[in-house]
Amino acid sequence: MDFSIKSVDAKNTIATTKAGCIVVGIFENKNLSPSAQALDSKGAISAAVKSGDISGKAGSTLLIRQPEGVAALRVLLVGLGKEQASDKDFHTAIQAVANVLASLGAADAVLALPLDAVKERDAAWVLRAAVLTIRDNAYRFDSLKSKKDAAAVGVKKIAFAVPATIAAAARETVAQSVALANGIDLTKDLGNLPGNYCTPTYLANTAKKLAKDFQLGIEVLDRKQLEALKMGSFLSVTNGSEQPPKFIVLKHLGGKQKDAPTVLVGKGITFDSGGISLKPGAGMDEMKYDMCGAASVLGAFRAIAEMKLKLNVIGVIASCENMPNGRATKPGDIVTSMSGQTIEVLNTDAEGRLILCDALTYVERFKPAAVVDIATLTGACVTALGHHNSGLFTRHDKDHDDLASALLAAGKKTGDTAWRMPIEDSYQEQLKSNFADMANIGGPAAGSVTAACFLERFTKKYTWAHLDIAGTAWRSGATKGATGRPVPLLTTFLIDRAQGEAK
Ligand code: BES
Ligand code: MN
Ligand code: ZN
């Protein structure tokens, strides 16, 4: 899919624009959007609306071939709902457009949508939402099918018609949105790849390729180096696996040399069987998605690198498998983390926190401005928040409230939302162990909170937030597949930070 901007002014009008298809909006009160009016000189569009062939409800569509007075070969009317549409109605409308364009006998289309028709949203939001929705609609994962889905037909080139005055800004927004979509696609691909393909080594090679393609700094630490760093907690998770662990460090240094970096830390369990605390069989295949935190770090890097974002960002990924065998860590084993704190592993299935705690200690060396870890950490987070919001956890002080607000706002802007959860000392007590500094589980109550409380103990030296994406990183059932979340949230958060530092 190729996106561009078409500047329209008094000379270069919608009516004289040559294209396979022009898409214009209709409202449910039967009003025509400005571009629809501009194509209605001979009354074909108002007649179609009057006849009832299109309702104007969000997502309704009607294709008109070669209407009089229009240079384009087709006009696609799309219902936008209310004149100030909701986010949801706009997505529904764009989805409908994407579906029609995907099976149209045209090669190119011009989207002449009203850029001020979504409630409380600006033109940049509308353009980004359109690009992301169309790319999401076009996404396929069929690389492991011997018979590929039929080659995609339909429109391959989409231009957004915008007033000449905002053409430059719109071009920038569309380029950023395409970069974001490329990042999201990478995250989806990695998530969807099964554990026998997407191993820790595969993630490391993907990071290396990214570093080469976009001139990023890269370091991949192997078992020996992790032993030298005394990452006893991380390494305890790898004991039962034949796959070597990888610890990946990616650097995008687009900011000023003296600026402290923003650090992203991703959980990269390429398959979580539970280990000796083996998971039940039903649905266990979905634990190939237990590296979606890591995949979202790589996706966000793909996006900010293509954008050439002016910010120092470091990505750290701890990756291994969690498997049972004769050498695997056993319930009751006590391990020593890189921080020196000892951990009683009461349940080998609570492994995400065991690999993240050492990564969180490792990143102290970067003297970070902020650290955000991203993990498919707990089933309890899915129980608490379902599939709509990622769980956001931070300490509760001014610094952390600011970080939380920035992350929540970035999520809201892109529809990739998070919801803040508590971290309090009263929950910390659930992690008490009789034999070590702490246990790795806190009992059945508030499982996502005690998991965050565990991580919190390793993040005292910097400002930190934790995103539990267990409910948002992938979908189950008939539409099973990775969502690419929270790449939109993370990337927007980083863009906002870069703008803050530029000020
Ligand atoms: N990767 C899982 C969390 C998970 C489970 C995400 C199901 C999405 C769906 C994690 O490693 C895990 O197994 N967590 C345990 C923790 C428990 C043993 C305290 C869980 O959530 O059951
Ligand atoms: Mn687990
Ligand atoms: Zn896990």
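About the criteria used
- Residues numbered from 1 in each chain as written.
- Chains lettered and ligands numbered in written order.
- Predicted model: local features only at pLDDT ≥ 70, side-chain atom pairs only at ≥ 80, totals over all residues.
- Heavy atoms only, no water.
- Helix = DSSP H or I, 4+ residues; strand = E, 2+ residues; numbered from the N terminus.
- Contact = heavy atoms within 4.5 Å.
- Near = heavy atom within 4 Å.
- Polar contact = N/O pair within 3.5 Å; in protein donor to acceptor, adjacent residues only side chain to side chain.
- Areas by Shrake-Rupley, 256 points an atom, 1.4 Å probe, with all protein chains shown as cover.
- Nonpolar A, V, L, I, M, F, W, Y, C, P; charged D, E, K, R; others polar.
- Salt bridge = Lys/Arg side-chain N within 4 Å of Asp/Glu carboxyl O.
- Buried < 20%, exposed > 50% of the residue type's maximum accessible area, 1.4 Å probe, protein only.
- Donors = N, O, S within 2.8 Å, 3.2 Å for Na, K, Ca; no water.
- Tetrahedral: all angles 85-135°; square planar, octahedral: opposite > 155°, others 65-115°.
- Pairing = 2+ DSSP bridges.
- Axes fitted to C-alpha atoms, helices over the stretch in contact; angles between N-to-C directions.
- Parallel < 35°, antiparallel > 145°, perpendicular 65-115°, else oblique.
- Left-handed = near helix turned anticlockwise from the far one by under 90°.
- Core = buried A, V, L, I, M, F, W, Y, C linked by side-chain atoms within 4.5 Å.

> Would you take a moment to explain the environment of Lys251 for this structure?
Assignment of secondary structure puts Lys251 in strand β8 (residues 246–253). Considered as a pair, Lys251 and Ala36 are 215 residues apart in the sequence and their alpha carbons are 47 Å apart. Among all residues touching Lys251, those that are not within four sequence positions of it are Leu216, Gly217, Phe301, Val313, Ile314 and Phe366.

> Please explain the site of ligand 1 as it appears in this structure.
In the vicinity of ligand 1 there are 16 residues, among which Lys279, Asp290, Asp349, Glu351 and Gly379 approach most closely. A distance of 3.3 Å separates an oxygen atom of ligand 1 from a polar atom in the side chain of Lys267. Coverage of ligand 1 by the protein chains reaches 76% of its 520 Å² of free accessible surface. Across the shell around ligand 1, the residue classes tally to five nonpolar, four polar and seven charged.

> It is not clear to me how the pattern of salt bridges should be interpreted in this structure. Could you clarify?
Within this structure, the stated rule accounts for 20 salt bridges. Measuring nitrogen to oxygen at the nearest pair gives 3.0 Å for the salt bridge that ties Arg135 to Asp185. Pair noted here: Arg135 is in helix α4 (residues 123–138) and Asp185 is in helix α5 (residues 167–192), with a separation of 50 residues, a long-range link. Summarising the burial analysis for this pair, Arg135 and Asp185 share the class buried. Note that Arg485 and Asp416 form a salt bridge whose closest N and O atoms lie 2.6 Å from each other.

> So what exactly am I meant to see when it comes to the coordination of the manganese ion (ligand 2) here?
When a metal carries six donors in an octahedron, the ideal angles between them are 90 or 180 degrees, while four donors in a tetrahedron ideally lie at 109.5 degrees. Taken together, the protein donors to the manganese ion (ligand 2) comprise Asp272 (OD), Asp349 (O), Asp349 (OD) and Glu351 (OE), at separations of 2.1 to 2.2 Å. Around the manganese ion (ligand 2), the six donor atoms are arranged such that angles at the metal cover 71 to 169°; this shape is classified as irregular. Here the zinc ion (ligand 3) and the manganese ion (ligand 2) are spaced 3.2 Å from one another, each receiving a donor from Asp272. Taken together, the positions of Asp272 in strand β9 (residues 262–272) and Asp349 in the loop between β12 (342–344) and α10 (352–362) put the pair 77 residues apart, joining distant regions of the chain. Here Asp349 falls in the partly exposed class, since its relative accessible area comes to 21%.

> Help me understand the sheet that holds strand β16 (residues 438–439), please; the structure alone is not making it clear to me.
Paired through their backbone hydrogen bonds, the strands of a sheet run either parallel or antiparallel. The three strands are arranged β11-β12-β16 in an open sheet whose pairing can be described as mixed. The sheet is open, and its two edges are formed by β11 (334–336) and β16, each paired on a single side. As paired strands, β11 and β12 are joined by three bridges and run antiparallel to one another. Across the sheet, residue Val335 finds its bridge partner in β12, namely Ile343.

> Could you clarify how one ought to interpret the packing of helix α3 (residues 87–102) against α4 in this entry?
Two quantities define a packed helix pair, namely the angle between the axes and the distance from one axis to the other. Two elements in contact, α3 and α4, have axes whose closest approach is 9 Å; the angle formed by their N-to-C orientations is 45°. One way to sum up the angle between α3 and α4 is to call them oblique. Of the two elements, α3 crosses α4, and the hand of that crossing is right-handed. From α3, Asp87, Phe90, His91, Ile94, Gln95, Ala98 and Asn99 reach across to α4, where they touch Trp125, Val126, Ala129, Ala130, Thr133, Ile134 and Asn137. Its residues assigned to classes, the contact of α3 with α4 shows eight nonpolar, five polar and one charged.

> Can you help me understand the nonpolar core in this one?
Grouped burial of nonpolar side chains is what soluble globular proteins tend to show. Core analysis: the largest hydrophobic core is formed by 60 residues, its most contacted members being Leu264, Leu298 and Leu467. Among the elements that line this core, the one with the most residues is helix α9 (residues 292–307), at eleven residues. Ignoring anything within four residues of it in the chain, the contact list for Leu298 reads Leu186, Leu190, Leu203, Thr206, Ala207, Leu210, Leu250 and Ile317. With 46 residues, the next largest nonpolar core counts Leu226, Leu385, Phe454 and Tyr462 among its residues.

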